[in-house]
Amino acid sequence: MINIPKGTKDVLPEESYKWQFVEDTARSVAEVFNYKEIRTPVFEHTELFLRGVGETTDVVNKEMYTFEDKGGRSITLKPEGTAGAARLFIENGLGATPMPVKTFYLTPAFRYERPQKGRLREFHQFGIEVFGSPAPETDAEVIFAASSFLNKLGIKNTKLEINSIGCKTCRKEYHAALKNYFAPNLENMCATCRDRFEKNPLRILDCKEERCKAISLNAPQILDYLCEECSSHFKKVRSYLDAQNIKYSVNSRIVRGLDYYTKTVFEFVSEDIGAQGTVCGGGRYDNLLEELGGQSVPAIGFAAGIERLLLVMESVGAAFPENKKPPIYVAAIDENGRKKALETVMALREKGINAETDLMGRSVKAQMKYADKLGAEYVAVIGENELLSGSVNLKKMADGTSVSVKFDDIYTYLIKGD
Ligand code: ATP
Ligand code: MG
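Counting starts from 1 at the beginning of each chain's written sequence and moves along it residue by residue. Chains carry letters from A onward and ligands carry numbers from 1 onward, assigned in written order. In view of the model being predicted, local features appear only for residues whose pLDDT reaches at least 70, and side-chain atom pairs are presented and counted only at 80 or more, with totals across whole chains, interfaces and linings using the full set of residues. Think of the side-chain values as coming from all heavy atoms in the structure, minus any hydrogens and water.

Draft legend 1. Quick look at the side chain of T40. Tracing the sequence through the fold places T40 in the loop between strand 1 (36-37) and strand 2 (43-45). Buried, partly exposed and exposed residues are distinguished by accessible area as a fraction of the type maximum, computed with a 1.4 Å probe on protein chains only: under 20%, between the cut-offs, and over 50%, respectively. According to the relative accessible area criterion, T40 is buried, its value standing at 18%. N or O atoms closer than or at 3.5 Å make up a polar contact, with two conditions inside protein: a donor-capable atom paired with an acceptor-capable one, and, for residues adjacent in sequence, both atoms drawn from side chains. Side chain to side chain, T40 and K78 meet in a polar contact 3.1 Å long. In this view, T40 contacts K78, G84, A85, R87 and L88; residues no more than four positions away in its chain are not counted. Here a strand is any run of E in DSSP of at least two residues, a helix any run of H or I of at least four, and the numbering for each starts at the N terminus. Any two residues having at least one pair of non-hydrogen atoms within 4.5 Å are treated as being in contact.

Draft legend 2. Summary view of the sheet that holds strand 3 (residues 66-68). In short, DSSP must find at least two bridges between two strands for them to pair. An order of 2-4-3 is seen for the three strands of this open sheet, with the pairing classed as antiparallel. Looking along the sheet, the strands with just one partner apiece sit at the ends: strand 2 and strand 3. For this sheet, the mean angle separating the axes of adjacent strands, direction not counted, is 35°. Here three bridges tie strand 3 to strand 4 (residues 74-77), and the two strands are oriented antiparallel to one another. For F67, the partnering residue across the bridge sits in strand 4 and is I75. Axis definition: a line fitted to C-alpha atoms, limited for helices to the stretch in contact. Angles are taken between N-to-C directions and run from 0 to 180 degrees.

Draft legend 3. Fine view of unusual backbone geometry. In this structure, the amide linkage connecting M99 to the following residue, P100, adopts the cis form with an omega of -5°. Notably, N245 is not glycine yet its phi reads approximately 60°, a positive angle. Position of N245 among the secondary structure elements: in the loop between helix 9 (228-243) and strand 8 (249-250). Residue classification places N245 among the exposed positions, given a relative accessible area of 57%.

Shown next as structure tokens:
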């Protein structure tokens, strides 16, 4: 027996309706916000993520699925969706189309992490990315979209935490302040943080190691270093959230895992699923496209982890729509009956009705039992009599009552009732 790889999961036939509900909800939110779907390959040139996610991030340092293909190229399975979306934007010249370009995706993502609750090696994301608008209204709209998505899933009690991590201008001064602060403690910090100290000290605030967390407790706060533009941008974003009555708290420790963020960053955090509580994270990345060799195009987006959303939905007892059951099971007594049963279910299916018949050569009794297990609303049994009379009894499983209906009228009966 060959088992599933560590950190991956199957979706079974009886649970896929839950995934479909989350995905359908994502698509319907995207539709009303006018985000158009994009699809990028599951693998990209490794270089894209080195530059697009950033070399000081955990994702690039420890978590990427990187391999050499048979042509000797370094390839990486996408660990997130933003870098690929940015590449798509640049490579397809979307910068020449009317702005903003509003996109969304549903994608698997791959990270070599220690599997635990809410943390997998293959997981799935619903993400949106908006290109071309520097305006704070856009930051607000992206947060509205995330909030609306969570509400529609029945996830009500997440906390929204927001922060601004500034731009190149204000971060220069802030980095200097951070370096001053961390320098005396450097030898007590983890190797990654010592490296971050040189390359991007802001990342130290994102370290998950207890000793580093303790040291960074009193670190200078980025909000005290924002330049005028970043500060007024952040103020406007907050005022739009207030106007929309969206509750949030400002958390200066949110810096997000990826290197390319600027200005607004945010997370929706759930307290219902343990340590891996961040169900959705996002932010502005005004410098990414230029860093990837494109024009300078401001952008902002979020990504929500579908597995974590499902965990929250299950833990808060959110209502999934019921798994669809076939309204009618057509059973057969003999070979002629089987032919007619096949013909009957096919006619119904052509009209969009979920109809089922026997594929196992079961006895009539066993077919009835199976129809009951399926949860069929009606059952019809076809034998010689039904073929002669041209009609069949539709038995309503809920109360055992039955009505004789002509074969040609079954569809109308199912649609209208009697
Ligand atoms: P975390 O703090 O949990 O490591 P992250 O900052 O690495 O998250 P992002 O890169 O922002 O995560 O990804 C966006 C979302 O994708 C997360 O909020 C989470 O819901 C989901 N996610 C990220 N990594 C995983 C994973 N290994 N397994 C399942 N879901 C994940
Ligand atoms: Mg992570």
